[in-house]
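Now for the letters of each chain:
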Amino acid sequence: MSNIIELRDVWKRYDTGGEVVEALKDVHFHAEPGEFVSVMGPSGSGKSTMLNVLGLLDTPSEGTVLLDGQDVTDLSDREMTTQRKRFIGFIFQSFHLIPTLSALENVEVPTLFGDDPTARDRATELLERVGLGDRLDHRPDQLSGGQKQRVAIARALINEPQILLADEPTGNLDQETGRSVLDLFDEIRREDDVAVIAVTHDPQLSNYTDRTVELIDGRIQ
Ligand SMILES: Nc1ncnc2c1ncn2[C@@H]1O[C@H](COP(=O)(O)OP(=O)(O)O)[C@@H](O)[C@H]1O
Ligand SMILES: [Mg+2]
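Residues numbered from 1 in each chain as written. Chains lettered and ligands numbered in written order. Predicted model: local features only at pLDDT ≥ 70, side-chain atom pairs only at ≥ 80, totals over all residues. Heavy atoms only, no water.

**Section: the overall build of the protein chain**
A tally of regular secondary structure across the protein chain gives six helices and 10 strands. For 221 residues, the compact-globule formula gives about 17 Å, and the C-alpha radius of gyration of the protein chain, at 17 Å, lands near that figure. In terms of principal-axis extent, the alpha carbons of the protein chain reach across some 50 × 40 × 40 Å. Expressed as a percentage of its 221 residues, the buried residues of the protein chain come to 49%. Summed over its atoms, the accessible surface of the protein chain is roughly 10700 Å², and 44% of this surface lies on carbon and sulfur atoms. (Helix = DSSP H or I, 4+ residues; strand = E, 2+ residues; numbered from the N terminus. Rg over C-alpha atoms; globule rule 2.2 N^0.38 Å. Buried < 20%, exposed > 50% of the residue type's maximum accessible area, 1.4 Å probe, protein only. Areas by Shrake-Rupley, 256 points an atom, 1.4 Å probe, with all protein chains shown as cover.)

**Some thoughts on the layout of surface pockets**
The computed volume of the largest pocket comes to approximately 480 Å³. Lining the largest pocket are 14 residues, and of these Lys85, Ile88, Phe90, Pro110 and Asn159 sit closest to its centre. At the level of secondary structure, the elements contributing two or more residues to the lining of the largest pocket comprise helix H2 (77–87), strand S6 (88–92) and helix H5 (145–157). The element that contributes the greatest number of residues to the lining of the largest pocket is S6, accounting for four residues. Residues belonging to the lining of the largest pocket are distributed by class as follows: eight nonpolar, three polar and three charged. Of the voids in this model, the second largest pocket is the one considered here, and its volume is about 210 Å³. Lining the second largest pocket, in full, are Arg122, Glu125, Leu126, Arg129, Leu157, Ile158, Glu160, Pro161, Asp192 and Val194. Counting residues per element, the lining of the second largest pocket draws most heavily on helix H4 (residues 119–129), which supplies four residues. (1 Å grid on protein atoms, 1.4 Å probe; cavity = no way out; pocket = protein on both sides within 12 Å on 5 of 7 lines; lining within 4 Å. Points joined across faces, edges and corners; volume = space filled by probe spheres on them. Nonpolar A, V, L, I, M, F, W, Y, C, P; charged D, E, K, R; others polar.)

**Points about the sheet that holds strand S8 (residues 195–200)**
Read from one edge of the open sheet, six strands run S6-S7-S8-S3-S9-S10, paired in mixed fashion. The open sheet terminates on both sides in strands that have one partner only, identified here as S6 and strand S10 (219–220). Pairing analysis gives two bridges linking strand S9 (residues 211–216) to S10, with the strands arranged antiparallel. Note that in S10 the partner of isoleucine 216 across the bridge is arginine 219. (Pairing = 2+ DSSP bridges.)

**Some words on the pairing of strand S1 (residues 5–16)**
Here is the key point about a regular strand: its side chains alternate between the two faces of the sheet. Pairing of S1 with strand S2 (residues 19–31) involves nine bridges; the strand directions are antiparallel. Residue pairing across strands places lysine 12 opposite leucine 24, the latter belonging to S2. Here S1 folds back onto S2, and the loop between the two strands holds two residues, one of which, glycine 17, carries a positive phi near 60°. By the bridge criterion, five bridges tie S1 to strand S4 (residues 62–67) in an arrangement that is antiparallel. Across the sheet, leucine 7 pairs through a bridge with valine 65, a residue of S4.

**With respect to the site of ligand 1**
Inspection of the region around ligand 1 gives Tyr14, Thr16, Val21, Ala23, Pro42, Ser43, Gly44, Ser45, Gly46, Lys47, Ser48 and Thr49 as its neighbouring residues. The contact in question runs from an oxygen atom of ligand 1 to an N or O atom on the side chain of lysine 47, over 2.8 Å. Taking 560 Å² as the accessible area of ligand 1 by itself, protein coverage stands at 61%. Taken together, the elements giving at least two residues each to the shell around ligand 1 come down to S1, S2 and helix H1 (47–54). Among the elements that make up the shell around ligand 1, the one with the highest residue count is H1 (three residues). (Near = heavy atom within 4 Å. Polar contact = N/O pair within 3.5 Å; in protein donor to acceptor, adjacent residues only side chain to side chain.)

**Regarding H5**
With 13 residues, H5 extends 19 Å from end C-alpha to end C-alpha; this agrees with the ideal 18 Å at 1.5 Å per step. Within H5, 11 of the 13 residues are buried, leaving the element largely enclosed by the surrounding structure. For H5, the set of buried residues is Gly146, Gln147, Gln149, Arg150, Val151, Ala152, Ile153, Ala154, Arg155, Ala156 and Leu157. Contacts from the buried residues of H5 go to S6, helix H3 (103–108), H4, strand S7 (163–167) and helix H6 (175–192). (Expected span 1.5 Å × (residues − 1). Contact = heavy atoms within 4.5 Å.)

**So, the side chain of asparagine 106**
Within the secondary structure layout, asparagine 106 lies in helix H3. Residue asparagine 106 is classed as buried on the basis of its relative accessible area of 1%. The residues touching asparagine 106, leaving out its near neighbours within four places in the chain, are Leu97, Ile98, Leu101, Pro140, Val151 and Arg155.

**As for the pattern of salt bridges**
Evaluation of the coordinates by the stated rule reveals 16 salt bridges. Salt-bridge contacts for aspartate 134 lead to arginine 135; the nearest nitrogen and oxygen are separated by 3.1 Å. As a salt-bridge pair, aspartate 141 and arginine 139 come within 3.6 Å of each other at their nearest N and O atoms. One salt-bridge network, in which partners are shared between bridges, spans Arg129, Glu187, Glu191 and Asp192. (Salt bridge = Lys/Arg side-chain N within 4 Å of Asp/Glu carboxyl O.)

Below is the structure:
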């Protein structure tokens, strides 16, 4: 099977006024549709940087990013945004929900500029799917941590991405709630053939993943 996402020879350097930090060093990485891969490593090892490069939120200093076999490294900002919306859903440790919006409205946010009349129905279906059909009108402060993360997962799926990128998705959840979120990732990758790439400290993730990649000091081991 072919890779839905790939990094080739990727280096990322941050120039912080004098000192240059090499956050990624010659990173090669790939994931196939439906694959669940975890990226583990100590704090500061480059995990978030790698996820940002995979998600087209940041560009490498050197090397190539491919989405579905296409080189997307040198696209304009605008084209990059289009490809990001088409291919990628993001999930963050701290959920990043908008506090004044309902669960349903939060899930609809990534569609707001798309003028899409089916968005509300899709958002409702997704919230039902993640077990929150009875919480559509609740605001984030009326939801538990696990429920907030489920809203964030539904939001990440609204544009039918082929890749889900998650930065410490269970970091703010207790073990059992974390497990239910991981069960949901597992279901999504099996049913929708979505590649799930999760950066984590959580050792229980490796019970769910096909593969674990270890990042130390910017290098894949
Ligand atoms: N915007 C930035 N500017 C300068 N240095 C950065 C920036 N982002 C990350 N770094 C540095 O790059 C390295 C990797 O960071 P990061 O990817 O956040 O690691 P992790 O997510 O594994 O904790 C660290 O040394 C960090 O200080
Ligand atoms: Mg990080």
